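# Commentary on secondary and tertiary structure
For reference, the chains in residue letters:
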Amino acid sequence: MLTTRFLKTGLALSFSVGALSLSGAALAANAVMYTPNNVQTIDTALEIARKTASDLSIQQVTSGAGALMKRIEAESQSPLGDVVWGTGYGTMAAFQQNFEAYESPENKAIPEAFHGKDSLWTSSNAHVMVIMVNDRQLKGLAAPKTWADLFDPQWKGKVIIGDPASSGSAYDQVYGIYQLYGAEGLQKLAANVIVSKSSGQVYKSVANGEYPLGVTMEYAAYAYVAGGQKGIELVYPEDGTFIAPEGVAVIKNPKNGQEAARKLVDVLLSKEVQEAELVENFRRPTRSDINVAELTKLPNLDQIKIASTDPLKAAAEYETVIEAWKQALAAAGK
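Because the structure is predicted, anything quoted here is derived from the model rather than measured.

Let's shift gears to the overall build of the protein chain. Per the secondary structure count, the protein chain includes 12 helices and 11 strands. A compact globule built from 334 residues should have a C-alpha radius of gyration of about 20 Å, and the protein chain, at 20 Å, falls within 12% of that. Projected onto the principal axes, the alpha-carbon positions of the protein chain cover approximately 65 × 40 × 35 Å. Within the protein chain, contacts between residues at least 6 apart in sequence are counted, and of these 80% link residues at least 24 apart. Of the roughly 14100 Å² of accessible surface on the protein chain, 49% is carried by carbon and sulfur atoms.

Quick look at the structure:
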């Protein structure tokens, strides 16, 4: 079931390869990192690695999360990678047979809720789902405070959301609303929303003023706030927002050995990397020793209500929820 979800996301099969060159340093070990993260996120981590693990030469292989997992699966008899970084829990669970357990010393600063199954992975960051608001497009209406507020007919055609059948983050959002309000809630939501095939188009459209409201990820919406755009606000729904952690794991029988792989995991879970990712790329850390509210204008997690969702259960129920969403859209004539 989990693999089926993953295979249906239609992820890219191309890969790009890069390397961190440490000129002048005596290199003791190589490490190959597979990651779907974007260039900015990768560069931020590598910049820290230059300072904290200068004896480690890191090569990165980038592609979509699904394509990387299929590559790791295909290479399982003779692995060419050491670590995978930045993949959602559902996808990690679907390919858990390709990872080996590792309890990083950095895990002590990370709450148990962000530790993966049987120590096979640990969350290095977590996406928080929000309602992105463009105040200038509200036309006198009060911004919604809850997910349920989006069901109000006054928002018909004014809310944009990604397609959960093609976007992992959109699925996490729809799944969370399904957990709170069931199929009936999805029907009310479907009646009001515009569905975008690209989840990246959601925050762009709200920022551009095409829609007053969008359901998206915190870091994407906050980038506009941090960039100084007026009128953009983030609403953390009072009926509970949803958390989608992303993990880092050691690939089973890593190409360059356990020591190099574990060292790279330690770097990626370190306070230095998580803090830099927050400040520079607005990626919410999982470490409890980083005060998000002091470093940014974002709240700490204990300042917002979190709805309880299980990423592994969400992955297992993928087919059920997608079918409920399709029926909701059909009932709305979409």
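Moving on, we get to helix α2 (residues 39–52). A rise of 1.5 Å per residue sets the reference length of α2, with its 14 residues, at 20 Å; its end C-alpha atoms lie 20 Å apart and thus fit the reference within 8%. Burial in α2 covers these residues: Thr41, Ile42, Thr44, Ala45, Leu46, Ile48 and Ala49. The inward-facing, buried residues of α2 contact β2 (29–35), β3 (56–62), β4 (83–88), α8 (258–269) and α9 (271–281).

Bringing the packing of α8 against α9 into the picture now. Between α8 and α9, the shortest axis-to-axis distance is 4 Å and the interhelical angle comes to 45°. Looking at the two axes, α8 sits oblique to α9. Taken together, the residues of α9 that come into contact with α8 (itself represented by Val267, Leu268 and Leu269) are Lys271, Val273 and Gln274. Here the residues of the contact of α8 with α9 are counted per class, giving four nonpolar, one polar and one charged.

Where α2 meets α9, the closest approach of the two axes is 9 Å, and the angle between their N-to-C directions is 140°. In terms of orientation, α2 and α9 fall into the oblique class. As α2 packs across α9, the resulting crossing turns out to be right-handed. Note on element contacts: α9 touches α2 through Glu272, Val273, Ala276, Glu277, Glu280 and Asn281, opposite Gln40, Thr41, Thr44, Ala45 and Ile48. Here the residues of the contact of α2 with α9 sort into four nonpolar, four polar and three charged.

Burial runs high along β2: five of the seven residues are buried. The sheet contact formed by β2 and β3 spans seven bridges and is parallel. What sits directly across from valine 32, in β3, is glutamine 59. Crossover handedness for the path β2 to α2 to β3: right-handed. Bridge analysis of β2 against β4 gives two bridges, and the strand direction is parallel. Counted as the bridge partner of tyrosine 34 is valine 84 from β4.

Time to look at helix α6 (residues 200–208). Helical geometry: 3.6 residues make up each α-helical turn, so side chains three or four residues apart lie on a common side. If you check which residues of α6 are buried, you get Gly200, Val202, Tyr203, Ser205, Val206 and Ala207. The secondary structure elements touched by the buried residues of α6 are β6 (122–134), β7 (159–162), β8 (193–196), β9 (213–217), α7 (218–226) and β10 (232–235). Glycine 209 sits one or two positions beyond α6 and adopts a positive phi of about 90°.

Counted according to the given criterion, the structure contains seven aromatic pairs. Consider the rings of phenylalanine 151 and tyrosine 181, whose centres lie 5.4 Å apart with planes at 85°: the pair is edge-to-face. Here the residue phenylalanine 151 occupies a position in the loop between β6 and β7, and tyrosine 181 occupies one in helix α5 (residues 168–192), the gap between them amounting to 30 residues. By relative accessible area, phenylalanine 151 is classed as buried at 13%. Exposure remark for tyrosine 181: the relative accessible area of 30% places this residue in the partly exposed category. An angle of 55° between the planes, with centres 4.9 Å apart, marks the rings of tyrosine 171 and tyrosine 318 as tilted. Here tyrosine 318 lies in helix α12 (residues 318–331) and tyrosine 171 lies in helix α5, a separation of 147 residues in the sequence.

Scanning the entire structure with this criterion turns up nine salt bridges. Glutamate 75 is the partner of arginine 71 in a salt bridge, and the nearest nitrogen-oxygen pair spans 2.8 Å. The class of arginine 71 is partly exposed, set by a relative accessible area of 22%. Given a relative accessible area of 12%, glutamate 75 falls into the buried group.

Here we take up unusual backbone geometry. In this model, lysine 139 sits at a positive phi of 55°, which is unusual for a non-glycine residue. Along the chain, lysine 139 turns up in the loop between β6 and β7. Judged by its relative accessible area of 68%, lysine 139 is exposed. Residues other than glycine seldom take positive phi values, yet phenylalanine 282 does so here, at roughly 65°. Relative to the helices and strands, phenylalanine 282 resides in the loop between α9 and α10 (292–295). When its relative accessible area of 16% is taken as the criterion, phenylalanine 282 is described as buried.

About the criteria used
Residues numbered from 1 in each chain as written. Predicted model: local features only at pLDDT ≥ 70, side-chain atom pairs only at ≥ 80, totals over all residues. Heavy atoms only, no water. Helix = DSSP H or I, 4+ residues; strand = E, 2+ residues; numbered from the N terminus. Rg over C-alpha atoms; globule rule 2.2 N^0.38 Å. Contact = heavy atoms within 4.5 Å. Areas by Shrake-Rupley, 256 points an atom, 1.4 Å probe, with all protein chains shown as cover. Expected span 1.5 Å × (residues − 1). Buried < 20%, exposed > 50% of the residue type's maximum accessible area, 1.4 Å probe, protein only. Axes fitted to C-alpha atoms, helices over the stretch in contact; angles between N-to-C directions. Parallel < 35°, antiparallel > 145°, perpendicular 65-115°, else oblique. Nonpolar A, V, L, I, M, F, W, Y, C, P; charged D, E, K, R; others polar. Left-handed = near helix turned anticlockwise from the far one by under 90°. Pairing = 2+ DSSP bridges. Right-handed = clockwise from strand over helix to strand, strands pointing away. Phe/Tyr/Trp six-rings, centres within 6.5 Å; stacked < 30°, edge-to-face > 60°. Salt bridge = Lys/Arg side-chain N within 4 Å of Asp/Glu carboxyl O.

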